[in-house]
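Residue strings, one per chain:
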Amino acid sequence: AKRIMPFNAVHVDGTAQMEINFRHGDALSLADQILVFKRTMREAALKHNVAATFMAKPMTGEPGSAM
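Residues numbered from 1 in each chain as written. Predicted model: local features only at pLDDT ≥ 70, side-chain atom pairs only at ≥ 80, totals over all residues. Heavy atoms only, no water.

- An unreviewed UniProt entry annotates the chain as Glutamine synthetase originating from Mentha piperita.
- UniProt, in the comment section headed Sequence similarities (unreviewed entry), describes the chain in these words: "Belongs to the glutamine synthetase family." (UniProt positions renumbered as here; feature names shortened; annotations may be inferred.)

## Considerations on the overall build of the chain
(1) Moving on: The helix and strand inventory of the chain stands at one helix and two strands.
(2) Moving on: The helix and strand sequence of the chain, counted from the amino end, reads β-β-α.
(3) Moving on: Within the span of the chain, comprising 67 residues, buried residues form 12% of the whole.
(4) Moving on: Roughly 5500 Å² of accessible area belongs to the chain as shown, and the carbon and sulfur atoms make up 58% of that amount. (Helix = DSSP H or I, 4+ residues; strand = E, 2+ residues; numbered from the N terminus. Buried < 20%, exposed > 50% of the residue type's maximum accessible area, 1.4 Å probe, protein only. Areas by Shrake-Rupley, 256 points an atom, 1.4 Å probe, with all protein chains shown as cover.)

## Concerning the packing of aromatic side chains
(1) Moving on: Here the structure, examined in full by the defined rule, presents one aromatic pair.
(2) Moving on: With a centroid separation of 5.6 Å and 80° between ring planes, the pair formed by F22 and F37 is classed as edge-to-face. Pair noted here: F22 is in strand β2 (residues 18-22) and F37 is in helix α1 (residues 27-47), with a separation of 15 residues, a long-range link.
(3) Moving on: With relative accessibility at 15%, the residue F22 sits in the buried group. (Phe/Tyr/Trp six-rings, centres within 6.5 Å; stacked < 30°, edge-to-face > 60°.)

## Some words on unusual backbone geometry
(1) Moving on: Although it is not a glycine, N49 adopts a positive phi angle of roughly 55°.
(2) Moving on: Mapped onto the fold, N49 is located in the segment after α1.
(3) Moving on: Look at N49 and you get exposed, because its relative accessible area is 73%.

Put into structure tokens, the structure is as follows:
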């Protein structure tokens, strides 16, 4: 199993909008970590009847995000 190693998480402009940063490292290892992280976040959100999105700008007129 791959270990997910985020560096930090900070609140940004939008409501419930978070910036998650990972440490620099091997590109393939980081890609794996990010994929597992995003899938895990989506599944956790679904279990709590909310949505987690990583789209650049999912709502017009609201702050954007990306990953």
